[in-house]
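Here's the letter readout for the chains.
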Amino acid sequence: MKIHFKILYFTFWGQRLLITGNIPQLGNGDYKNGLALNFQPNEFWLGELDIDTELLSSFTYKYVLYNENNGQYFEEWGDERLFKVEDKTIDNIFCNDTWNSPSAIENTFLTAPFKNVMLRDEHEMVQQKTISKFTHSFRVFAPTIPQNLVVCLVGDSIKTGNWSVSKPQILTETSSGAWEINIDLSKETTELHYKYGLFDLEDNRFSYFESGVDRTAPIYNAKKTIVQLNDGFMRIQHPNWRGAGVGIPVFSLRSKKSFGVGDFGDLLLMVDWAVQVGLKLIQVLPLNDTIGTHTDADVLPYAAISAFALNPLFLNLTDMGKLPAKHPVQLVYKELQPKLNSADLLPFLDVINFKLKYSRELFLIEKDKFLKNNSFKSFFEKNEYWLVPYAAYCVLRDKFGTPDYRKWDDFAHFDKAKIATFVSENQEHYNDIALQYFIQYHLHIQLLKATNYAHKHGVVLKGDIPIGVNRNSVDTWVSPELFHMHSNAGAPPDMFAIKGQNWELPTYNWDMIQRTDFDWWKKRFSQLSNYFDTFRIDHILGFFRIWQIPTSQIEGIMGHLFPSTPIHINEFSDKGIWFDYNRFCKPYITDQLLWNLFGDDAAWVKTNCLQIEDGWMLRLKSPYNSQATVEKMHEEGKFSDRIKWGLFDLISNVLFFEVEGTNGSQFYPRFGMQSLHSYKELDYYTQQKLEELYVDYFFRRQDAYWYQSGMEKLPALKRATNMLICGEDLGMMTPCVTSVMNELSILSLEVQRAPKSDKIEFFHPADAPYLSVVTPSTHDMSTIRGWWEEDRGVTQRFYNSQLGHLGEAPYFCEWWICRDILLQHLHSPAMWAIFQLQDLVSISEKIRRENPHEERINVPSNSKFSWRYRFHINLEELIENEQFNNELRNFIVQAGR
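Quick summary incoming for the structure in this document.

What counts, and at which threshold
Residues numbered from 1 in each chain as written. Predicted model: local features only at pLDDT ≥ 70, side-chain atom pairs only at ≥ 80, totals over all residues. Heavy atoms only, no water. Helix = DSSP H or I, 4+ residues; strand = E, 2+ residues; numbered from the N terminus. Rg over C-alpha atoms; globule rule 2.2 N^0.38 Å. Buried < 20%, exposed > 50% of the residue type's maximum accessible area, 1.4 Å probe, protein only. Contact = heavy atoms within 4.5 Å. Areas by Shrake-Rupley, 256 points an atom, 1.4 Å probe, with all protein chains shown as cover. Lys, Arg positive; Asp, Glu negative; His and termini not counted. Charge placed at Lys NZ, Arg CZ, Asp CG, Glu CD. Pairing = 2+ DSSP bridges. Axes fitted to C-alpha atoms, helices over the stretch in contact; angles between N-to-C directions. 1 Å grid on protein atoms, 1.4 Å probe; cavity = no way out; pocket = protein on both sides within 12 Å on 5 of 7 lines; lining within 4 Å. Points joined across faces, edges and corners; volume = space filled by probe spheres on them. Parallel < 35°, antiparallel > 145°, perpendicular 65-115°, else oblique. Left-handed = near helix turned anticlockwise from the far one by under 90°. Salt bridge = Lys/Arg side-chain N within 4 Å of Asp/Glu carboxyl O. Polar contact = N/O pair within 3.5 Å; in protein donor to acceptor, adjacent residues only side chain to side chain. Nonpolar A, V, L, I, M, F, W, Y, C, P; charged D, E, K, R; others polar. Expected span 1.5 Å × (residues − 1). Bend = angle between axes of the 7 residues up to and from the residue. Patch = residues over 30% accessible without salt bridge, like charges linked within 9 Å, V, L, I, M, F, W, Y side chains within 5 Å. Core = buried A, V, L, I, M, F, W, Y, C linked by side-chain atoms within 4.5 Å.

### What about the overall build of the chain?
Phase 1 of the analysis: For the chain, the helix and strand inventory stands at 28 helices and 35 strands.
Phase 2 of the analysis: Scaling as 2.2 N^0.38, a compact globule of 897 residues should have a C-alpha radius of gyration of about 29 Å, and the chain matches this with 31 Å.
Phase 3 of the analysis: Dimensions along the principal axes, computed over C-alpha positions, put the chain at roughly 100 × 80 × 75 Å.
Phase 4 of the analysis: By the burial criterion, 59% of the 897 residues in the chain qualify as buried.
Phase 5 of the analysis: For the chain, the proportion of contacts with a sequence separation of at least 24, taken over those separated by at least 6, is 71%.
Phase 6 of the analysis: Carbon together with sulfur atoms contributes 50% to the accessible area of the chain, which is approximately 39,100 Å² in total.
Phase 7 of the analysis: Distance between charge centres in the chain, computed from 90 positive and 111 negative side chains, equals 3 Å.

Right, dumping it as structure tokens:
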């Protein structure tokens with residue numbers, strides 16, 4: 001059998017198309033050995049393939065774009081195309097295909113939240129009469145058509161109605177969402193002109209045709225020939241579906257039965273409230289286990305010890321099982337529950353320590369029954385790859401009293417065989433191992449229950465994938481080769497943290513990750529898809545470049561962009577600058593600067609922390625030339641806070657960082673160098689030329705490099721899941737990030753008070769692109785009411801220019817101001833408008849919290865002391881407040897969401 005492939009695709013010079021598939025003739029998935037197509041006039045690409053139908057009954061294939069300029073391969077979007085040999089007597093099959101672009105908006109409506117919940121198909125089907133003989137097979141996707149309509153086909157042949165819409169050919173919808181029909185056109189002699197349309201089965205009438213020119217199908221007079229037409233998407237106006245959602249950390253939920261913290265059981269109440277007010281999405285923060293030190297530091301949700309395990313903090317103890325009524329731990333539970341649940345802030349250690357204790361007691365009672373449970377066995381088999389290392393990690397962490405596995409003696413380096421022995425049932429500590437299985441299994445079924453409950457009620461859950469993992473995590477222990485352990489990820493200075501952020505998370509070794517075909521990331525997405533329909537990629541800029549900080553430094557300001565093209569030493573001479581290494585790359589210290597930073601302590605610092613080089617230059621001496629060692633000495637009480645922060649400023653008072661391993665030939669400019677004492681004391685000419693190099697480095701030269709970097713990662717990761725992906729694209733944006741997100745239909749995040757252009761002060765929700773999420777605030781920001789009181793000048797300008805009100809702005813953010821901001825977002829063209837729960841209730845004077853500054857979830861510059869916010873009323877009370885709920889629902893309905 002000969003298969004003829006044909007596809008229309010407009011290419012640029014240096015680009016060509018090929019086909020890859022799961023058979024040797026198509027390279028067995030290897031792009032380099034795929035079937036190369038030949039270019040034909042009018043932008044068509046053709047190829048042929050001979051197969052032996054006695055040996056092969058089916059195969060899958062995909063079209064791939066190859067760019068010879070950079071060596072990158074780019075797959076078309078969607079699942080692999082399936083080719084089946086239905087009739088072995090056929091000699092020729094012509095596959096006329098349509099390229100599926102990831103930027104096609106229709107693909108968004110084939111993702112999990114729409115396919116499984118929002119636009120779940122319930123179309124009335126017409127049973128088609130099976131025909132044994134046909135010459136043409138038609139296939140098209142139409143994911144957004146109303147439920148009362150079906151796809152039909154009308155054309156200029158007798159079999160297709162001669163353009164009569166009274167009796168069109170009705171297509172049948174398949175499980176994949178495609179609409180298909182087989183037609184015998186053997187009596188036709190000229191090419192078929194046709195269009196798809198929509199037909200109303202209830203009224204038995206034709207509704208309308210798709211837009212655009214006629215489609216055409218070739219007619220071949222040769223016998224034993226079939227034409228397969230894969231026509232992509234129907235050309236109809238998609239319905240600009242828009243929804244509203246609420247964001248709230250699970251730990252912030254409060255119900256009458258909570259145990260001092262929100263849990264997975266409380267999500268069911270949250271779904272009930274969402275349904276009541278018309279919200280279609282609930283967004284949560286990361287839910288992974290963060291328990292590394294058994295201290296308050298473990299409260300950070302973005303420093304997980306496992307990218308797969310869920311946090312025991314979210315266990316609903318009574319759903320897991322009840323202890324005997326007179327059991328000492330059960331008696332303590334009854335005593336603690338009302339006390340902890342009345343706390344204004346999350347009493348983290350009290351809650352997590354008791355939940356772990358309760359879990360252990362319940363496990364010891366249910367152990368034998370649990371380990372024989374078929375449901376658990378199935379869970380274990382599916383998740384063994386991460387569950388076993390995680391359980392071993394937890395036991396070893398507690399045995400050695402530290403999450404730093406480098407101090408675990410024989411277990412400092414992960415050894416699969418050694419761990420298999422360690423977790424075996426004949427070990428004395430097996431109960432400790434199996435306890436972790438027990439906890440993770442119950443977390444799984446509780447979160448899955450919440451997910452299924454949400455779907456049943458037409459609500460989707462949105463998860464959150466942190467950009468990094470804890471330095472002392474299961475993931476870095478098991479697969480250290482996937483990470484750069486010598487550096488930390490963070491962010492440069494911005495409106496939230498003037499000295500930048502150091503997240504103390506290792507950066508990724510993307511070269512090694514790509515060699516494994518992104519296996520770790522794909523497993524991570526697969527795990528997340530068990531519970532979520534859509535998710536937020538935290539700091540999506542990190543997939544293009546990351547802000548990388550040496551582990552010897554503390555402040556984010558000491559980082560640089562990686563990967564990036566540094567400044568070569570010759571560029572300084574090209575600008576007419578003599579490159580003075582000591583002046584540019586070492587801290588510039590003067591007596592005046594010492595006085596400004598240390599005051600009366602300047603003499604002590606000069607005596608103890610500095611030395612003189614080359615006869616007159618003041619230099620920091622070891623160990624005071626590293627922020628990490630300065631921090632350690634400060635923790636030991638060797639000097640005051642003022643001296644610590646002053647030394648930090650001295651260390652960061654440099655203009656350039658030398659690129660490691662370049663022998664003084666390449667350099668990264670220090671972010672914000674213009675504000676430094678070192679920069680200000682340069683002559684004007686040097687300042688101007690360094691400014692030119694600075695602007696070129698940060699805002700010009702990197703874009704093409706970062707575009708390629710993003711395209712090497714994100715398409716492969718997006719293909720690994722059918723969840724709808726939203727990118728948190730705040731920060732130091734460049735055009736390449738927006739370009740890649742648009743090409744891949746990844747939703748952007750638009751925040752009114754944080755525009756992505758430095759030419760405007762505020763972003764208006766009415767200007768949001770359709771594929772975006774608009775929000776007035778995020779968990780890293782103050783709420784609307786808190787922000788209103790932060791800067792009187794800013795809120796006055798916002799009041800006049802964005803809300804359109806005249807006169808002086810109220811000092812406090814009144815309920816009607818919150819309402820106006822809420823309505824702006826609800827009426828935005830963006831696909832999703834998502835609000836923090838605190839911002840939604842701010843429109844009600846009766847419900848909202850009295851002090852808005854108690855509502856903030858996280859302060860990025862002081863993250864270790866955040867993450868304890870709890871909603872101030874029970875969800876049961878919120879559900880019962882009909883007046884507020886009806887008002888909010890009315891706003892959402894009127895906005896068309």
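### Some points on the pairing of strand S2 (residues 15-21)
In summary, the side chains of a regular strand alternate between the two faces of the sheet.
Phase 1 of the analysis: Of all seven residues in S2, six are buried; the element is thus mostly enclosed.
Phase 2 of the analysis: Relative to strand S3 (residues 35-36), S2 runs antiparallel, the two sharing two bridges. The residue of S3 that forms the bridge with isoleucine 19 is leucine 35.

### What to know about the sheet that holds strand S21 (residues 460-465)
Phase 1 of the analysis: Sheet architecture is open: eight strands sit in the order S32-S24-S21-S20-S19-S35-S34-S33, paired in parallel fashion. Of all strands in the sheet, those bounded by a partner on one side alone are strand S32 (724-727) and strand S33 (748-751). Strand after strand, the sheet turns through a mean of 25 degrees between neighbouring axes, direction not considered.
Phase 2 of the analysis: The pairing of S21 with strand S24 (residues 534-537) spans four bridges and is classified as parallel. Bridge pairing in S24 places aspartate 464 opposite arginine 536.
Phase 3 of the analysis: Relative to strand S35 (residues 832-836), helix H25 (residues 815-826) is tilted by about 150 degrees, and along the sheet it contacts strand S19 (243-247), strand S34 (772-775) and S35.

### Observations concerning empty space enclosed by the protein
Phase 1 of the analysis: For the coordinates displayed, the defined rule picks out seven cavities of 30 Å³ or more.
Phase 2 of the analysis: In this structure, the largest cavity spans a volume of roughly 250 Å³.
Phase 3 of the analysis: Together, 21 residues line the largest cavity, and Gln283, Ser777, Thr778, His779 and Ile834 are the ones closest to its centre.
Phase 4 of the analysis: Elements with a minimum of two residues in the lining of the largest cavity: S32, S34 and S35.

### Some words on the packing of helix H5 (residues 328-341) against helix H6 (residues 348-371)
Phase 1 of the analysis: Between H5 and H6, whose axes approach to 11 Å, the crossing angle comes to 155 degrees. Overall, the two elements H5 and H6 adopt an arrangement that is roughly antiparallel. Between H5 and H6 lies a crossing whose hand is left-handed. Contacts between H5 and H6 involve Val329, Gln330, Val332, Tyr333, Leu336 and Leu340 from the first element and Asp350, Val351, Phe354, Lys357, Tyr358 and Glu361 from the second.

### Examining the side chain of lysine 195
Phase 1 of the analysis: The topology assignment puts lysine 195 in strand S15 (residues 192-200).
Phase 2 of the analysis: No salt bridge forms around the buried lysine 195; measuring N to O, its nearest opposite-charge neighbour aspartate 214 is 4.4 Å away.
Phase 3 of the analysis: A polar contact is formed between the side chain of lysine 195 and the backbone oxygen of glycine 212, at a distance of 2.6 Å.
Phase 4 of the analysis: Apart from residues no more than four positions distant in its own chain, lysine 195 is found in contact with Cys152, Leu153, Val154, Trp163, Phe209, Glu210, Ser211, Gly212, Val213, Asp214 and Arg235.

### Re the packing of helix H3 (residues 266-277) against helix H28 (residues 882-894)
Pairs of packed helices are described in terms of their axes, by the angle between the two and the distance that separates them.
Phase 1 of the analysis: Two elements in contact, H3 and H28, have axes separated by 8 Å at closest approach and are oriented at 60 degrees. By the angle class used here, H3 and H28 are oblique. Each of Trp273, Val275, Gln276 and Val277 in H3 lies in contact with H28, whose residues at this interface are Phe884, Asn885, Leu888, Arg889 and Ile892.
Phase 2 of the analysis: Taken together, the residues of the contact of H3 with H28 sort by class into six nonpolar, two polar and one charged.

### Observations regarding H5
An α-helix turns once every 3.6 residues. As a result, residues three or four positions apart point the same way.
Phase 1 of the analysis: Its 14 residues place the ends of H5 20 Å apart at the C-alpha level, agreeing with the 20 Å of an ideal helix rising 1.5 Å per residue.
Phase 2 of the analysis: Along H5, the sharpest kink reaches roughly 30 degrees, centred on glutamate 335 and followed within four residues by the proline proline 338.
Phase 3 of the analysis: For H5, the full list of buried residues reads Val329, Gln330, Tyr333, Leu336, Gln337, Leu340 and Asn341.
Phase 4 of the analysis: Considering only its buried residues, H5 is in contact with helix H4 (317-320) and H6.

### Some points on the environment of alanine 450
Phase 1 of the analysis: Within the secondary structure, alanine 450 sits in helix H9 (residues 430-456).
Phase 2 of the analysis: With relative accessibility at 1%, the residue alanine 450 sits in the buried group.
Phase 3 of the analysis: Taking the C-alpha atoms as reference, alanine 450 lies 5.7 Å from leucine 268; in sequence the two are 182 residues apart.
Phase 4 of the analysis: Non-local contacts of alanine 450, meaning those with residues more than four positions away in its chain, are made with Phe264, Leu267, Leu268 and Leu461.

### Notes on the pattern of salt bridges
Phase 1 of the analysis: Evaluated as defined, the whole model comprises 39 salt bridges.
Phase 2 of the analysis: Glutamate 75 is the salt-bridge partner of lysine 62, the closest N and O atoms lying 3.1 Å from each other. Residue lysine 62 is found in strand S6 (residues 58-67), and its partner glutamate 75 is found in strand S7 (residues 72-75); the two are separated by 13 residues along the sequence.
Phase 3 of the analysis: By relative accessible area, lysine 62 is classed as buried at 4%.
Phase 4 of the analysis: Among the residues examined, glutamate 75 registers a relative accessible area of 12% and is labelled buried.
Phase 5 of the analysis: Three or more residues are tied together by salt bridges with common partners; here these are Glu210, Arg215, Asp231 and Arg235.

### A few points about unusual backbone geometry
Phase 1 of the analysis: Phenylalanine 562 connects to proline 563 through a cis peptide bond whose omega is -5 degrees.
Phase 2 of the analysis: Positionally, proline 563 belongs in the loop between strand S26 (560-562) and strand S27 (567-568).
Phase 3 of the analysis: With omega at 10 degrees, the peptide bond leading from serine 622 into proline 623 counts as cis.
Phase 4 of the analysis: By the secondary structure assignment, proline 623 is in the loop between strand S29 (617-620) and helix H17 (627-635).
Phase 5 of the analysis: A positive phi angle, near 50 degrees, is found at histidine 539, a position not held by glycine.
Phase 6 of the analysis: Its place among the elements puts histidine 539 in the loop between S24 and strand S25 (546-550).

### Digging into a positive patch on the surface
Phase 1 of the analysis: A cluster of basic residues, Lys133, Lys159, Lys187 and Lys223, forms a positive patch at the surface.
Phase 2 of the analysis: Tracing the chain through its elements places lysine 187 in the loop between strand S14 (178-183) and S15.

### Quick look at the nonpolar core
Nonpolar side chains tend toward joint burial in soluble globular proteins.
Phase 1 of the analysis: Phe59, Trp273, Tyr437, Trp521, Leu647 and Leu690 are the most contacted members of the largest nonpolar core, which has 239 residues in total.
Phase 2 of the analysis: Take this core: its biggest share by element is 13 residues, from helix H7 (residues 374-400).
Phase 3 of the analysis: Filtering out sequence-adjacent residues up to four positions away, tryptophan 273 remains in contact with Val246, Leu279, Leu837, Leu840, Leu878, Ile879, Phe884, Asn885 and Leu888.
Phase 4 of the analysis: If you look at the next biggest cluster of nonpolar residues, it comprises 30 residues, including Val151, Cys152, Ile183 and Val227.

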